[in-house]
Amino acid sequence: MTTLLSPRVLRTEVLAGLVVALALIPEAISFSILAGVDPQVGLFASFTMAVTIAFTGGRPAMISAATGAVALVVAPLVREHGLGHLVAAVVLGGVIQIALAVAGVARLMRFIPRSVMVGFVNALAILIFTAQLPHLIGVPWLVYPLVAAALAVIWLLPRFTTVVPAPLVAIVLLTVFTTVAHVTVPDVGDEGTLPDSLPVPGLPDVPFTLGTLTTIAPYALGIALVGLMESLMTAKLVDEITDTRSDKTREAWGQGVANIVTGFFGGMGGCAMIGQTMINVKTSGARTRLSTFLAGVFLLILVVALGDVVATIPMAALVAVMIVVSVGTFDWHSIAPATLRRMPAGEITVMVVTVAATLATHNLAVGVVLGVLTAMVVFARRVAHFAEVTSVLVPDGGTRVYRVHGELFFASSNDLVHQFDYAGDPAHVVVDLSAAHIWDASSVAALDAVTTKYEARGKHVEITGLNDASARLHGTLAGRLGAAH
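Parameters at a glance
- Here the residue numbers are simple positions, counted from 1 along each chain's written sequence.
- Thresholds applied to this predicted model are a pLDDT of at least 70 for local features of residues and 80 or more for the giving and counting of side-chain atom pairs; totals over whole chains, interfaces and linings are not thresholded and use all residues.
- Side-chain numbers here rest on the full set of heavy atoms in the structure, without hydrogens or water.
- Only centres within 6.5 Å qualify two rings of Phe, Tyr or Trp (six-membered ring in Trp) as a pair; their planes then separate them into stacked at under 30 degrees, edge-to-face at over 60, and tilted for everything else.
- A run of H or I in DSSP counts as a helix once it spans at least four residues, and a run of E counts as a strand once it spans at least two, with each numbered from the N terminus.
- Here the term buried applies to any residue with accessible area under 20% of the maximum for its type, exposed to any over 50%, and partly exposed to those in between, with areas from a 1.4 Å probe on protein chains only.
- For two strands to pair, DSSP has to find at least two bridges joining them.
- A helix is expected to span 1.5 Å multiplied by its residue count minus one.
- Contacts are residue-level and defined by heavy atoms, with any inter-residue pair within 4.5 Å sufficient.
- Pairs of N or O atoms within 3.5 Å make up the polar contacts considered here, provided that, within protein, one atom can donate a hydrogen while the other can accept it, and that residues adjacent in sequence are counted only when both atoms are side-chain atoms.
- Axis definition: a line fit to C-alpha positions, over the contact stretch in the case of helices; interaxial angles, taken between N-to-C directions, run 0 to 180 degrees.
- An angle below 35 degrees is read as roughly parallel, one above 145 as roughly antiparallel, one from 65 to 115 as roughly perpendicular, and any other as oblique.
- Amino acid classes used here: Ala, Val, Leu, Ile, Met, Phe, Trp, Tyr, Cys and Pro are nonpolar; Asp, Glu, Lys and Arg are charged; the rest, including Gly, are polar.

Caption draft 1: Broad picture of the packing of aromatic side chains. Under the criterion given, the structure shown has seven aromatic pairs. Ring centres of Tyr402 and Phe420 lie 4.5 Å apart, and the angle between their planes is 55 degrees; on these two criteria the pair is classed as tilted. Here Tyr402, found in strand β4 (residues 399–408), pairs with Phe420, found in the loop between β4 and β5 (428–438); they are 18 residues apart in sequence, far enough to count as distant. Judged on exposure class, the residue Tyr402 and its partner Phe420 are both buried. Between Phe420 and Tyr422, the aromatic rings sit 6.2 Å apart at their centres with planes inclined by 35 degrees, giving tilted as the arrangement. According to the relative accessible area criterion, Phe420 is buried, its value standing at 7%. Here a set of aromatic residues connected by ring pairs shows up, and it is made of Tyr402, Phe420, Tyr422 and Tyr454.

This is the structure:
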């Protein structure tokens, strides 16, 4: 709190919140259209999400609002059942997010490898850029010099001063120019009608029956999972940018509370917005909850009290801001030839799968899930080759000792059975596992198969060197997994 008393920090947080609010308006309107609802549904959702998460969230300076990912999830529900069922699904989705947070879902973030994170960031940057293309195709030619001018301001102004965020200066200059010069180009007003009244809380307009619950439950689960995935990934990204740690569990249940509040105010729900978060944290330099809170407050003031002014902001200015965000978000080092030459093929594959899946589905959550699954397969293939078997015949000729080195699990233990000479070995065989670890039932079953094959030839097998964990697992499952072949 002491930090906020600094005039410099306070100015940074206030101006960052204003820039984010301006960038949120066309996005919220676009996502409302995507979901099939009135623009005010997305705008009010952005307001309630941002203000609520400023208090409940676990990652200061992260922006939550109505998002395209959630809009894609709920669009079919709106088409088939209407706004009332959407609002009910948002509330239920928030409840599910709180339940998942209590269950410890945030701890799963440690299983997301760096290659997936890099793919996630790069896919995000590409999606942010491609989302601007509709505003650059089939538009008056004046749009292009306006975008170029805004880009020049955003990139050059910080070399001279950082007192005021460059994106805000670009937005103001272009708005003044187009207004004074009476230049006709697409503006925020063309994106949809802005609301002229405050949001009012209320209950979802649906029958409270089991039928309603079964209808909204799948969509509520989708809202919860997609929202948590994007929010926790964004929190992790901001952690890396700011060199600070966030409370992922608090962020998870905070998202749930924000969605419940949003639902009761008739909003469409949402989650962390990565593009706007990058504007807030990376472009504007915000670091506290105040910027998040003010982004929501400024948004409401701008669309309700200053709607006529906001409607005149040229889309070219906001497009330029988002282009700068996309360029700054992309991890250019990850695709540098020197990096690609040094990077293992498996890591590159995981990154490409994450990017490709995200771009194909326009859903960051799908890309992350497929990227993690690919990473699991790559890891399993890599570790499977680490299990080796060597053997030595004891000088008296009556015993052969097999030494197993490495990790034994379903992938590496499949070939274990074929590493022994069942017919040629002497009557006594020792399998030394002092340099190995048993991880799963597949490995125990493989050892059972080895024992069975030797016993079928009248030979005795002795398994030695098990560490405590391996011994417990082997002792529990050995001989109880059915016929081993």
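Now that the structure has been shown, we can carry on.
Caption draft 2: Just the pairing of strand β3 (residues 388–393), in detail. Bridging between β3 and β4 involves six bridges; their strand directions are antiparallel. Counted as the bridge partner of Leu393 is Arg400 from β4. Here β3 folds back onto β4, and the loop between the two strands holds five residues, one of which, Gly397, carries a positive phi near 80 degrees.

Caption draft 3: Fine view of helix α9 (residues 248–264). Across its 17 residues, α9 extends 25 Å between first and last C-alpha, which sits within 8% of the 24 Å expected from 1.5 Å per residue. Inspection of α9 places Lys248, Glu251, Ala252, Gly254, Gln255, Gly256, Ala258, Asn259, Ile260, Thr262 and Gly263 among the buried residues, and these make up the whole buried set. Those residues of α9 that are buried are in contact with α2 (39–56), β1 (64–65), α4 (83–102), α8 (210–242) and β2 (271–272). For α9, the side-chain oxygen to backbone nitrogen distance between the N-cap and Thr249 is 3.3 Å, and the N-cap itself is Asp247. The positive-phi residue at the C-terminal boundary of α9 is Gly266, with phi of around 80 degrees.

Caption draft 4: Spatial organisation of the packing of α8 against helix α16 (residues 364–384). Running from N to C, α8 and α16 cross one another at 75 degrees; their axes reach a closest spacing of 9 Å. Looking at the two axes, α8 sits roughly perpendicular to α16. Note on element contacts: α16 touches α8 through Leu364, Ala365, Val368 and Val369, opposite Val226, Met229, Glu230 and Met233. Residues that form the contact of α8 with α16 fall into these classes: seven nonpolar, no polar and one charged.

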